[in-house]
2 protein chains.
Amino acid sequence: MDANPILAEAVRGNWVENRHRGAFVVMDADGRVIASGGDIERPVFPRSAVKSMQALAMFDRHAVEKFHHSGAELALACASHHGEDAHVEGVGHFLERLGLSAADLECGAHQPADAAARAALRAAGREPSPLHNNCSGKHSGMLSVALAMGVPTEGYVGREHAVQQAVRAAVEAVIGEPLSEERCGTDGCSIPTWAAPLRAFARGFARMASGKGLDQGHAAGARALFDAATSHPHLVAGTGHIDTLVMEAFGGRVMQKGGAEGVQCGAIRDKGWGYALKCDDGNMAASQTMVAALLLNHADPDAQQRAVLERFVRQPTRNVRGAVVGEVRAVGA
Amino acid sequence: MDANPILAEAVRGNWVENRHRGAFVVMDADGRVIASGGDIERPVFPRSAVKSMQALAMFDRHAVEKFHHSGAELALACASHHGEDAHVEGVGHFLERLGLSAADLECGAHQPADAAARAALRAAGREPSPLHNNCSGKHSGMLSVALAMGVPTEGYVGREHAVQQAVRAAVEAVIGEPLSEERCGTDGCSIPTWAAPLRAFARGFARMASGKGLDQGHAAGARALFDAATSHPHLVAGTGHIDTLVMEAFGGRVMQKGGAEGVQCGAIRDKGWGYALKCDDGNMAASQTMVAALLLNHADPDAQQRAVLERFVRQPTRNVRGAVVGEVRAVGA
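Residues numbered from 1 in each chain as written. Chains lettered and ligands numbered in written order. Predicted model: local features only at pLDDT ≥ 70, side-chain atom pairs only at ≥ 80, totals over all residues. Heavy atoms only, no water.

1. Digging into the relation of the copies chain B and chain A
There are two copies of the chain, and a rotation about an axis plus a shift along that axis relates them. The transform that puts chain B on chain A rotates by 180° and translates by 0.0 Å along the axis, for an RMSD of 0.0 Å. Such a combination of turn and shift is consistent with a two-fold rotation axis. Taken as a fraction of all interface residues of chain B, those also at the interface in chain A reach 100%, which identifies the copy contact as same-surface. (Least-squares fit on C-alpha atoms with pLDDT ≥ 70 in both. Contact = heavy atoms within 4.5 Å.)

Below, the structure written as structure tokens:
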């Protein structure tokens, strides 16, 4: 197995300190490779980068029809949010509309990703709840699927539960190939995650962007989810996050979503292209530089969009006193 | 440039999620390679892994003679400590003996690495001080050098300051080659860090362990520093840290020290061997699995020492609810 190319590096002073390898691919819905680097056939765990694919189960199982989910709710179902007030209140309202509460979430609780939200919780002497879990919107969507299917919500995170079977089927339909028990793990939020090639995920996002190769329901669902996410970019991530800022800047043209351990997926919607990348070592900052470079090269950014991407294609690193001592940057960008 | 080998990997469920490449070398003081993998000639920033080399300046400039530094003080000078009470009090006392205080430290302040220490600070409504900085002991040693040299302490972190020149000279003497302005950066604690080959650092640690190739002062200083660190392993890192646990288990036979961005250095003292490794991508957990494998293979561990190393050669990863969902592990260990 050849090593993937170095796609990002961290520089300190005048010397390279770290090297980050990875693979990436930009594809159209017919499977034509627009650009790629590294091994795009090796299965990788997509983690949270495919939440919009997973959310298609809400359409398949008529949850959207039953609960008339709003754009904000669909955006939260696609989100890895930062636990800011808008996120916590949005998910709380989402659950309330289902007749459920935070107690029904099986994602566990963790501190908000947003520093101000963490500080506010601490100042109030409060512990984080499952609502603060970055995946609480996705889990609310899964609870909605359970209710629409008429199955017990309890245990909905389990691999054999009807909800996860529905989620798996939606992802398989979009990527156009089966997921395998031989490449399965448990995600941070306790649901199963299935590894598949970057090529398959990129083509899946191209299909979602274009509707090509999908049945009518998935095509409409994908359009609704991408519209929701790109119309509510702050709900999908949070203040200052690359996903939020890129989707804000591109005004609906780009769907962008990160996943844990250095995964980045999305679609350049007006071109009908999907993309997927993974940093081999799981470094998130490095993967952000990589996806910023990918979008600079392939999403035809205007000056304002370029300015946003350039904030992420080279990210300064600071010492304890706050002085810039180096940067993480895409290689060749 | 060939890619370094994969020395660690992260598994989730039944599939490899991340791959960590790196290079390592075990050497004797004559420069004989006992074992190696990857490119050991590429210069890397050693960061905190060479604090014991840097502390030799305290001997060169007669600071140890002048202030009669204790073993605990020498251990703190070699430490990346966790900001626990023993560390903060130890450094406070160290500075007091110099007639200085936390206000003279130029390392900046950060939250303690130890979770209980962080929680205690927060519960007391207190902000961390420079004493909590993991490098505060090293900086105290550098202030001691400044006083012994009769130079102003202010600005002692600067690359051109007499203290940093003394530190640089000590490291150059031990590794046996010059450091270069062309491979220099600023460390997290604001002092300069100089890149050099892993081979040079490993041989330097072998020289410190054996005294071979060093002048009498450096040989005696190295012995005193390794004795101090291995006699006070909790002061060198903190509760639960690999450096502390390994040095406790090996009872003086192994000097082990990590540095930021995936560096691990040390010595197998009874064999007169030094070692150095770097994880290419800077991942700390991966670098810990690598050094645990190195010590399993080369430090002749007894059953108890083996048990400690095995805790680090495979490290479980957990999801938000605390369930084990995978592990980071050395490859081939």
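Back to the text.
2. Let's talk about the packing of helix H7 (residues 136–149) of chain A against helix H8 (residues 162–175) of chain A
Residue and element names in this part refer to chain A. Two elements in contact, H7 and H8, have axes separated by 9 Å at closest approach and are oriented at 110°. One way to sum up the angle between H7 and H8 is to call them roughly perpendicular. Every residue of H8 that contacts H7 at Met142, Val145, Ala146 and Met149 is listed here: Ala162, Val163, Gln164, Ala166 and Val167. (Axes fitted to C-alpha atoms, helices over the stretch in contact; angles between N-to-C directions. Helix = DSSP H or I, 4+ residues; strand = E, 2+ residues; numbered from the N terminus. Parallel < 35°, antiparallel > 145°, perpendicular 65-115°, else oblique.)

3. Side note on the pairing of strand S3 (residues 33–37) of chain A
Residue and element names in this part refer to chain A. In the sheet, strand S2 (residues 15–28) pairs with S3 via 4 bridges, with the strands oriented antiparallel. Paired with valine 25 across the bridge in S3 is serine 36. Connecting S2 to the next strand, S3, in antiparallel fashion are 4 residues, including glycine 31 with a positive phi near 90°. (Pairing = 2+ DSSP bridges.)

4. Points about unusual backbone geometry
All names here are of chain B. In this structure, arginine 47 takes a positive phi of about 50° despite not being glycine. Inspection of the secondary structure puts arginine 47 in the loop between strand S4 (43–44) and helix H1 (51–54). With phi around 50°, histidine 68 is a residue other than glycine that occupies positive phi space. Considering the arrangement of structural elements, one finds histidine 68 in the loop between helix H3 (63–67) and helix H4 (71–77).

5. Some points on the side chain of A:His298
If you trace the backbone, A:His298 turns up in helix H13 (residues 284–298). Non-local contacts of A:His298, meaning those with residues more than four positions away in its chain, are made with A:Val26, A:Ile34, A:Ala35, A:Ile268, A:Lys271 and A:Trp273.

6. Some words on the packing of aromatic side chains
Residue and element names in this part refer to chain A. Per the stated rule, a full pass over the model turns up 2 aromatic pairs over all chains. The interplanar angle of 10° and the centroid separation of 6.2 Å between the aromatic rings of phenylalanine 205 and phenylalanine 226 together place this pair among those described as stacked. A residue pair is termed long-range when its members are at least 10 positions apart, and phenylalanine 205 in helix H9 (residues 198–210) and phenylalanine 226 in helix H10 (residues 216–231) qualify at 21 residues. Assigned by exposure class, phenylalanine 205 and phenylalanine 226 land together as buried. Stacked on the ring of tryptophan 194, the Lys or Arg arginine 159 has its end atom at 5.9 Å from the ring centre. (Phe/Tyr/Trp six-rings, centres within 6.5 Å; stacked < 30°, edge-to-face > 60°. Buried < 20%, exposed > 50% of the residue type's maximum accessible area, 1.4 Å probe, protein only. Lys NZ or Arg CZ within 6 Å of the ring centre and 35° of its normal.)

These values are about where atoms sit, not about what they do.
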